[in-house]
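Architecture at a glance
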Amino acid sequence: MTRSQKQRRGLMRPSSFVVCGLVFIGLVGPYLVPHDPFKQDLLRVLDGPSSLYWLGTDQLGRDVFSRLVFGVRTSLSSILISLLVACVIGIPLGVVAGASRGLLGALTDRITDAMTSIPPILLALGLGAALGQTLTVGMFAVGVVFSFSIIRLIRSVTRLVLSE
């Protein structure tokens, strides 16, 4: 094992702890926060950290710590939506593209190649503009865009397995 492989492997454990910690905060945190993240207290605008508000308050007097914990939950649900959409679209189409050698396989290859040649953010913005401007629609658009990468990966793996 080379030195760079050992360094990468050494970074895997702390990264896993961070990801697991964020998932834990996203799942359990909203039940443990001391304040409502949406409740405004205009008498406590931009207060610094204290025993009452651990990270202080924002411009509307809302608890920053509570808002941070709820933000983690929103981010994790967004990631989950885009990942599920990408896998639900990408895995079946990748298997079909890898297993079929005829016109269907060639057509899927060309569409996938064309879609991966366009910058992903442009595709996501275009889909988001066409479908609507909510967080769920935006994450659906991101999932559709990144499903083409999954199609390519699964297609290659399917062809490798079939050649064996």
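Remember, it's a predicted structure, so these values are computed and weren't measured experimentally.

The rules behind these values
- Residues numbered from 1 in each chain as written.
- Predicted model: local features only at pLDDT ≥ 70, side-chain atom pairs only at ≥ 80, totals over all residues.
- Heavy atoms only, no water.
- Helix = DSSP H or I, 4+ residues; strand = E, 2+ residues; numbered from the N terminus.
- Rg over C-alpha atoms; globule rule 2.2 N^0.38 Å.
- Buried < 20%, exposed > 50% of the residue type's maximum accessible area, 1.4 Å probe, protein only.
- Contact = heavy atoms within 4.5 Å.
- Phe/Tyr/Trp six-rings, centres within 6.5 Å; stacked < 30°, edge-to-face > 60°.
- Expected span 1.5 Å × (residues − 1).
- Bend = angle between axes of the 7 residues up to and from the residue.
- Salt bridge = Lys/Arg side-chain N within 4 Å of Asp/Glu carboxyl O.
- Axes fitted to C-alpha atoms, helices over the stretch in contact; angles between N-to-C directions.
- Parallel < 35°, antiparallel > 145°, perpendicular 65-115°, else oblique.
- Left-handed = near helix turned anticlockwise from the far one by under 90°.
- Nonpolar A, V, L, I, M, F, W, Y, C, P; charged D, E, K, R; others polar.

Counting its regular elements, the protein chain contains five helices and zero strands. For the protein chain, the succession of helices and strands along the chain, N to C, is α-α-α-α-α. Here the C-alpha atoms of the protein chain give a radius of gyration of 22 Å, more than 25% beyond the 15 Å that 2.2 N^0.38 yields for 164 residues. For the protein chain, the C-alpha atoms occupy an extent of roughly 70 × 50 × 25 Å along the three principal directions. Taking all 164 residues of the protein chain together, 26% fall into the buried category. Taking contacts inside the protein chain between residues at least 6 apart in sequence as the whole, the part at least 24 apart equals 60%.

We now examine the environment of valine 95. Mapped onto the elements, valine 95 comes out in helix α2 (residues 64-99). Sequence separation between valine 95 and aspartate 113 is 18 residues; the distance between their C-alpha atoms is 16 Å. Those residues in contact with valine 95 that sit more than four places away from it in its chain are Ile154 and Thr158.

Going through the model one piece at a time under the given rule, you end up with two aromatic pairs. Ring centres 6.2 Å apart and planes at 70° place the aromatic pair phenylalanine 38 and phenylalanine 70 in the edge-to-face group. Note that phenylalanine 38 is positioned in the loop between α1 (3-32) and α2 and phenylalanine 70 in helix α2, a separation of 32 residues in sequence. Of the residues examined, phenylalanine 38 reaches a relative accessible area of 58% and is grouped as exposed. Overall, phenylalanine 70 belongs to the partly exposed group, its relative accessible area being 25%.

For helix α5 (residues 135-163), built from 29 residues, the straight-helix expectation of 42 Å at 1.5 Å per residue is met to within 8% by its first-to-last C-alpha distance of 42 Å. Largest kink in α5: about 30°, centred on phenylalanine 146. Burial in α5 covers these residues: Met139, Ala141, Gly143, Val144, Val145, Ser147, Phe148, Ile150, Ile151, Ile154, Arg155 and Thr158. Looking at the buried residues of α5, the elements they touch are α2, α3 (103-117) and α4 (120-131).

What follows is about the side chain of aspartate 58. Here aspartate 58 lies in the loop between α1 and α2. In this structure aspartate 58 touches Val45, Leu46, Val64 and Arg67, once residues within four positions along its chain are discounted.

So, on to the pattern of salt bridges. Under the defined criterion, the tally for this structure stands at seven salt bridges. Aspartate 58 is paired through a salt bridge with arginine 67; the nearest N and O atoms lie 3.7 Å apart. Residue class for aspartate 58 comes out buried when judged on its relative accessible area of 9%. The network of salt bridges with shared partners includes Asp58, Arg62 and Arg67.

As a further point, take the packing of α4 against α5. Closest axis-to-axis distance for the α4/α5 pair is 8 Å, and the angle between their directions is 140°. With respect to α5, the element α4 is oriented oblique. Read as a crossing pair, α4 and α5 show a hand that is right-handed. Along the contact surface, α4 presents Pro120, Leu123, Ala124, Leu127, Gly128 and Leu131, while α5 presents Val137, Phe140, Ala141, Val142, Val144, Val145 and Phe146.

The next point concerns the packing of α3 against α5. Where α3 contacts α5, the two axes come as close as 9 Å, and the packing angle between them is 140°. As judged from the angle between their axes, α3 and α5 are oblique. The interaxial crossing formed by α3 with α5 has left-handed handedness. Taking contact as the criterion, the partners of Gly105, Thr108, Asp109, Thr112, Asp113, Met115 and Thr116 in α3 are, on α5, Phe148, Ser149, Ile151, Arg152, Arg155 and Arg159. Taken together, the residues that form the contact of α3 with α5 break down as three nonpolar, five polar and five charged.

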